[in-house]
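# Coordinate inspection notes
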Amino acid sequence: MHQLADRNKYIGLLFMHIDPAYFELGREKIHEVSAAHARDLSKWTKQLTHVVTSGLNGKYDQITLVEADSLEEIHAAATDFRMGAKGRYIEVSDVIVGVKAPPRGLANRAAGTADIVEPT
């Protein structure tokens with residue numbers, strides 16, 4: 001993609017809606033489905049971060065962050081997510097993919113354009 005992609009992780013954000021039928025399953029069945037879903041995604045444990053949202057009028061029910069070394073890994077994790085036990089209850093409505101940039105000082109240093117001044 002560009003220079004940063006060679007040194008930094010790709011980030012994928014999956015914005016989701018959860019089907020009301022999921023909540024109609026009841027606590028016990030939701031636990032079973034969620035546990036199976038977690039097992040399905042266990043190989044991605046180090047790369048997934050969930051931001052579970054709640055509210056009376058939220059735009060999304062859940063946002064999942066995927067951090068990976070390649071776009072292919074993000075695609076594979078997103079596909080496994082959608083195919084997991086909870087997949088039939090989740091609609092991925094929006095996706096954003098980008099490259100995680102290094103801290104500004106490190107990016108400039110690598111490019112040789114920053115003068116680093118130590119505080120006195």
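Up top you'll find the structure we're talking about.
The present account deals with the structure reproduced in this document. Nothing here was measured: the structure is a model prediction, and the numbers come from that model.

What counts, and where the lines are drawn
Residues numbered from 1 in each chain as written. Predicted model: local features only at pLDDT ≥ 70, side-chain atom pairs only at ≥ 80, totals over all residues. Heavy atoms only, no water. Helix = DSSP H or I, 4+ residues; strand = E, 2+ residues; numbered from the N terminus. Buried < 20%, exposed > 50% of the residue type's maximum accessible area, 1.4 Å probe, protein only. Contact = heavy atoms within 4.5 Å. Salt bridge = Lys/Arg side-chain N within 4 Å of Asp/Glu carboxyl O. Expected span 1.5 Å × (residues − 1). Arc of directions from axis to C-beta. Pairing = 2+ DSSP bridges.

The helix and strand inventory of the protein stands at 5 helices and 4 strands. Secondary structure of the protein in N-to-C order comes out as α-β-α-α-β-β-α-β-α. Out of the 120 residues belonging to the protein, those deemed buried represent 28%. Of the contacts formed within the protein by residues at least 6 apart in sequence, a portion of 74% connects residues at least 24 apart.

All right, on to the pattern of salt bridges then. Two side chains carrying opposite charge are able to pair once their charged atoms lie near each other. Considering all chains together, one arrives at 4 salt bridges under this definition. Between E32 and K29 there is a salt bridge, and its shortest N-O distance comes to 3.7 Å. Of this pair, E32 and K29 both sit in helix α3 (residues 27-40), 3 residues apart, which is roughly one turn of that helix. Taking the relative accessible area as the measure of exposure, E32 reaches 41% and is therefore partly exposed.

For α3, spanning 14 residues, the distance from its first C-alpha to its last is 20 Å, which sits close to the expected 20 Å at 1.5 Å a residue. Taken together, the buried positions of α3 are occupied by I30, V33, A36 and H37. Along the axis of α3, the buried residues cluster in a sector spanning 130°; they form a single face. Turned more than 90 degrees away from the buried face of α3 sit R27, E28, H31 and R39, all of them exposed.

Time to look at the pairing of strand β1 (residues 10-18). Counting buried residues along β1, 7 of its 9 residues qualify, which places the element largely inside the surrounding structure. One ladder, built from 7 bridges, connects β1 with strand β3 (residues 62-68); its direction is antiparallel. Following the sheet pairing, F15 is matched in β3 by I63. Direction of pairing for β1 relative to strand β4 (residues 90-99): antiparallel, over a ladder of 9 bridges. The residue bridging L13 from the neighbouring strand is I96, located in β4.

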